[in-house]
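Read off the chains here:
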Amino acid sequence: MPDEPRQPTDEANGTADPRPAPESPATPSTPTPASPSPSSSGVNSGAGSSDSDYRVYNNFYGPQYHGRAHFGIATATERPGRARATGLLEGDEIDALLRSYIRPDCFDEAARELFRTGVVVLTGPQGAGKRSGAVALLRETVGPSADYVVLSPDIGLDQLAERTFDAGVGYVVLDRTGTGGTTGGAAGPSSDFDWRRVRDQLRRHRAHLVITTVHGVAGRPPEAVRHLSWRPPALDKVVRARLVQARTPQETVERALAGIPPRCPIAVVADAAQRIAAGADPDQAWKEHSGSAPQAVQEWFGVEEERSLREIAEVTTLAFAPGIGRRAFESLQDLLERLLEPVYFTPQAAPASADSAAPDATGQAATPDGHDPQQRRRARPVDRRRSLARNALITTEMQIYGATTREVMVFADAELRRWVLQALWRDHPTEYWDAVRHWLGAVVEADPDPVLQLSIASGLALLGHVAFDEVVQSYLDPWARGESGETGQTLAVYVLWYMCLEETQAAAALTLARTWAQSAHPTLRGTALFAFSGQLGVTFPTDAVKWLWAVLRSGVLVKREERELGLQAWAQLFLTLVDCEEDAGIVFDALAHRIRKERRTRSAAYSATGLLVLETTLWVFTATERLSGRPAVARYVADRPEEADVVAELWAATLCYRPLRRNALSALLVTARALPAVTSDPTAAAARLGHALAAALPQVEHSLLTSELDRLAVSRSARATGPDCVAILLRALNRVKDSHPR
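Here the structure is a predicted model, which is why all the values come from computation and not from measurement.

About the criteria used
Residues numbered from 1 in each chain as written. Predicted model: local features only at pLDDT ≥ 70, side-chain atom pairs only at ≥ 80, totals over all residues. Heavy atoms only, no water. Helix = DSSP H or I, 4+ residues; strand = E, 2+ residues; numbered from the N terminus. Buried < 20%, exposed > 50% of the residue type's maximum accessible area, 1.4 Å probe, protein only. Contact = heavy atoms within 4.5 Å. Areas by Shrake-Rupley, 256 points an atom, 1.4 Å probe, with all protein chains shown as cover. Expected span 1.5 Å × (residues − 1). Axes fitted to C-alpha atoms, helices over the stretch in contact; angles between N-to-C directions. Parallel < 35°, antiparallel > 145°, perpendicular 65-115°, else oblique. Left-handed = near helix turned anticlockwise from the far one by under 90°. Nonpolar A, V, L, I, M, F, W, Y, C, P; charged D, E, K, R; others polar. Phe/Tyr/Trp six-rings, centres within 6.5 Å; stacked < 30°, edge-to-face > 60°. Pairing = 2+ DSSP bridges. Right-handed = clockwise from strand over helix to strand, strands pointing away. Lys, Arg positive; Asp, Glu negative; His and termini not counted. Salt bridge = Lys/Arg side-chain N within 4 Å of Asp/Glu carboxyl O. pLDDT = per-residue confidence, 0-100.

Asker: Sorry if this is basic, but what is going on with the overall build of the protein here?
Answerer: The helix and strand inventory of the protein stands at 32 helices and 10 strands. Here the protein, with 742 residues, has 54% of them falling under the buried criterion. Counting contacts in the protein only where the partners sit at least 6 residues apart, residues at least 24 apart contribute 75% of the total. By element, 50% of the accessible surface of the protein is carried by carbon and sulfur atoms, the whole surface being about 32,900 Å².

Printed below as a string of structure tokens:
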């Protein structure tokens, strides 16, 4: 979380200061360091900022690896391709989903229902093939040439009933949670009414909708819309179809068919078949995609004699902190062992009288705690390193850091991590998990460095596959409320961001962040703003814009710091989308929509909502990239020339509002000067922006703008690094001005 929000600046130039590399992980047994976050991207709305007045956001857009230390999540069901989970499905995504598609027995019934009513709901567990089934149903119903649009999983029935659908388009809602502030979550008369409204709206617009969900119907199912239990096709048919299409030798096909594990999810089967088609050995592919714990984990947890406290502490520590050095690892393990002792050991009764301790054969009395003093003198320090060397699940690796190398603790195979967490959850009691909660709480209180933070977050995201309620109730909700300070809030957001990297958890992450945004608790709202401005906003950009605006506009951000945090979240979302090359135009489209609505409904001064839109727009325009210090809007207008009109419309609205004019002029100057650094054709980009701005501004503003911008450029001279884009922009403004009759 940012320590202190920044106001937009009117400085024309600014450079970012470099940040040092992270130090070794902090542990609760050492003083808390003031470790900086690694440079990534951040809202830096001014020049002359110092390291002490804000914290950098850490964004990541895929699984994070560091050698064999696994800081992210990589499973068979990991989302391929784009980061965005909603919006228009591209042709290559559809082809990948439906390549060698095998229809299950329930397909024809679902297709008939979709054709008859325009909407059908597919229910079933994760990995049943509902996603590919939904797209196949749309292709069967609306045709292969139609557009397919993925809607938010958090959409409510009332929102669907009021939505304007495009005729002939197929829509799909994947893993719908159905709790987005609406009714219609439970079955019954009211739910049937809501479903009837959705059905009628789709018929009215001649569109089709397929909804998938893991939740079955409680009670009497609605009559208006069929809820069908989706069953995957025969697994051998799926494997055979993929291998035959890839022209795999018949012997390999037979081996692959013989090795299919029982009760394996269809998504895992399809992924394993794809690997076999690419040349992988069938036995090895099924071993890695069996859907059950690897043999090493089964053997380690399945021994007749229970594992010792130290062994359990070893694998638990590594599950939440892979990739750290020996000293830091042993410190974390030592703290965990002390917290686990009451779980594994029953305290023995104290001697009847400490004063009556009898002397031993040497004439020395036993100590009050009953220990032999000779044994105490002979006791050796706890040798954790020998124990770790005997642990078959754990190994070390050497990682290169510049000119030096560093030995870190890792699992023998990165895939073991999630299976170890599942086994720990299955085999250990509540008292054990209470100790783990206190342990992780102590680690968070020590303000660990970003690498350890990401390790803990990815571990909790993996644990969420089998114990989602435990993760939310014991960690995410308390941390998001600020009970462990800003570090806890950051960890809660990182967990949500990691969840967004997988289809099976992304919808749950969105729902949780939305509940925080709707909360009356100010810290929860702040955590939601942070979450939506990063990876969660990349995955669900429409929902991010919706909830960022809802929190900002609601008036609950009464304090100046809270309000600036909301404005900063908009700027950070724009930076994140630009940085990961997603469609950042959704931010400008949302702001432009509200400006146009304001103009249609008001004839004079802006309302409070209109002024908030202008202020938000200025924050987005003045947001700078963390490493380069250049405004992100410069890269955006250079990379997306078709969006120049929308950007100019917003800039014109901000320039015409006199209290913000000076900062808007400064932002325009900085953006024009940054164009040579972000595009190979800055002249065209500057001219395009100038023409669009001239068209968006009222005629009376042209002369004033050109004179003010010219004076500002002269007063804030800068070293030339390419074409004078300010002069080019001014010429474009003057050319349009001179073409109008006086």
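Moving on, there is more to tell.
Asker: Would you mind showing me how to read helix H20 (residues 503-517) here?
Answerer: One turn of the α-helix equals 3.6 residues, which is why residues spaced by three or four share an orientation. When the terminal C-alpha atoms of H20 are compared, their 22 Å separation across 15 residues agrees well with the 21 Å that a helix rising 1.5 Å per residue should span. Residues of H20 that are buried include every one of Gln505, Ala506, Ala507, Ala509, Leu510, Thr511, Leu512, Ala513, Arg514, Trp516 and Ala517, and no others. Each element contacted by the buried residues of H20 is listed here: helix H17 (450-463), helix H18 (468-480), helix H19 (485-499), helix H21 (522-532), helix H22 (535-539) and helix H23 (541-553).

Asker: For this particular structure, what's the right way to read the environment of Gly170?
Answerer: For Gly170, the location among the structural elements is in strand S6 (residues 170-173). Of the residues examined, Gly170 reaches a relative accessible area of 0% and is grouped as buried. Separated by 20 residues in sequence, Gly170 and Val150 have C-alpha atoms that sit 8.8 Å apart. Other than its neighbours up to four places away in sequence, Gly170 contacts Leu138, Val142, Asp147, Tyr148, Val149 and His208.

Asker: Would you mind going over the packing of helix H25 (residues 585-601) against helix H28 (residues 644-656) with me for this structure?
Answerer: Helix packing geometry: the angle between the two helix axes and the distance between the axes. Interhelical geometry of H25 versus H28 gives an angle of 50° and a closest axis separation of 10 Å. The angle between the axes of H25 and H28 places the two elements in the oblique class. Judged by the twist between their axes, the crossing of H25 over H28 is left-handed. Of the residues in H28, those touching H25 at Phe588, Asp589, Leu591, Ala592, Ile595, Arg596 and Arg599 are Val646, Val647, Glu649, Leu650 and Ala653. When the residues that make up the contact of H25 with H28 are grouped by side-chain class, the tally is eight nonpolar, no polar and four charged.

Asker: Honestly, the packing of aromatic side chains in this entry has me stumped. Any pointers?
Answerer: Applying the stated criterion to the full structure yields 16 aromatic pairs. For the ring pair Tyr432 and Trp433, a centre distance of 4.9 Å and an interplane angle of 85° mean the geometry is edge-to-face. Exposure remark for Tyr432: the relative accessible area of 0% places this residue in the buried category. The exposure class assigned to Trp433 is buried, which follows from its relative accessible area of 3%. Their ring planes at 85° and their centres at 5.6 Å tell us that Trp497 and Phe530 sit as a pair that is edge-to-face. Here Trp497 is found in helix H19, whereas its partner Phe530 is found in helix H21, with 33 residues between them in sequence. On the accessibility criterion, Phe530 (4% relative accessible area) is buried. An aromatic cluster is built from Phe574, Phe588, Phe621, Tyr636 and Trp651, whose rings are joined through pairwise contacts.

Asker: Sorry, what's going on with H19 here?
Answerer: The terminal C-alpha atoms of H19 lie 22 Å apart, and with 15 residues this matches the ideal 21 Å at 1.5 Å per residue to within 8%. With 13 of its 15 residues buried, H19 lies for the most part within the structure.

Asker: How do you make sense of the sheet that holds strand S5 (residues 148-151) when you look at a structure like this?
Answerer: Whenever strands of a sheet pair, they do so through backbone hydrogen bonds, lying parallel or antiparallel. The strand order across the open sheet formed by six strands is S3-S5-S6-S7-S4-S8, and the pairing between neighbours is mixed. For this open sheet the edge positions go to strand S3 (87-88) and strand S8 (227-229), each flanked by a neighbour on one side alone. Examined bridge by bridge, S6 and strand S7 (residues 208-213) share four bridges and lie parallel to one another. Paired with Val172 across the two strands is Val210, which belongs to S7. Relative to the sheet, helix H3 (residues 130-142) contacts strand S4 (119-123), S5, S6 and S7, its axis offset from that of S7 by approximately 165°.

Asker: Even after reading the chapter, I still don't get the pairing of S5, so can you show me in this structure?
Answerer: Moving residue by residue along a regular strand, the side chains alternate between the two faces of the sheet. The two faces of S5 match: Tyr148 and Val150 on one face and Val149 and Leu151 on the other face are all buried. Two elements, S3 and S5, share two bridges in a ladder whose sense is antiparallel. From the neighbouring strand, Leu88 faces S5, where its bridge partner is Val149. Taken together, S5, helix H4 (residues 157-162) and S6 constitute a β-α-β crossover, and its handedness is right-handed.

Asker: Looking at this model, I keep getting lost on unusual backbone geometry. Mind explaining?
Answerer: Glycine aside, a negative phi is what most residues show, and trans is what most peptide bonds show. The phi torsion at Asp447 lies on the positive side, around 55°, for a residue other than glycine. Within the fold, Asp447 resides in the loop between helix H16 (430-445) and H17. Phi is positive for Glu581, close to 60°, though the residue is something other than glycine. Summarising the element assignment, Glu581 is placed in the loop between helix H24 (560-579) and H25.

Asker: I tried to follow the environment of Tyr498 on my own but got confused; where do I start?
Answerer: Following the sequence through the fold, Tyr498 ends up in helix H19. The exposure class assigned to Tyr498 is buried, which follows from its relative accessible area of 0%. With 11 residues separating them along the chain, Tyr498 and Ala509 place their C-alpha atoms 9.0 Å apart.

Asker: Explanation requested: the side chain of Arg84 in the structure shown.
Answerer: Within the secondary structure layout, Arg84 lies in the loop between strand S2 (69-70) and S3. In this structure, Arg84 is buried with no salt-bridge partner, the nearest side chain bearing the opposite charge being Asp583 at 4.2 Å. If near-sequence neighbours (up to four positions away) are discounted, Arg84 is found in contact with Val538, Thr539, Pro541, Thr542, Glu582, Asp583 and Ile586.

Asker: Just checking my understanding: could you explain the packing of H19 against H20 for this structure?
Answerer: The N-to-C vectors of H19 and H20 enclose an angle of 145°; their axes lie 8 Å apart at closest approach. In contact with Ala492, Leu496 and Met499 of H19, H20 contributes Gln505, Ala506, Ala508, Ala509, Leu512, Ala513 and Trp516.

Asker: Even after reading the chapter, I still don't get the confidence of the model for the protein, so can you show me in this structure?
Answerer: As a general rule, the predicted coordinates of low-pLDDT regions are not to be interpreted in detail. Residues with a pLDDT of 70 or more make up 79% of the protein, whose mean pLDDT is 81. Per-element averaging of pLDDT across the protein places S2 at the bottom with 31 and H18 at the top with 97. This model gives residues 356-369 a pLDDT under 50, and the stretch forms 18 contacts once residues within four places in sequence are excluded. Across residues 373-380, where pLDDT falls below 50, the model places eight contacts with residues more than four positions away in sequence or in other chains.

Asker: Can you help me understand the pairing of S6 in this one?
Answerer: The alternating pattern of S6 places Gly170 and Val172 on one face and Tyr171 and Val173 on the opposite face, and all of these are buried. Relative to S6, S5 is paired through four bridges, and the arrangement is parallel. The residue bridging Leu151 from the neighbouring strand is Val173, located in S6.

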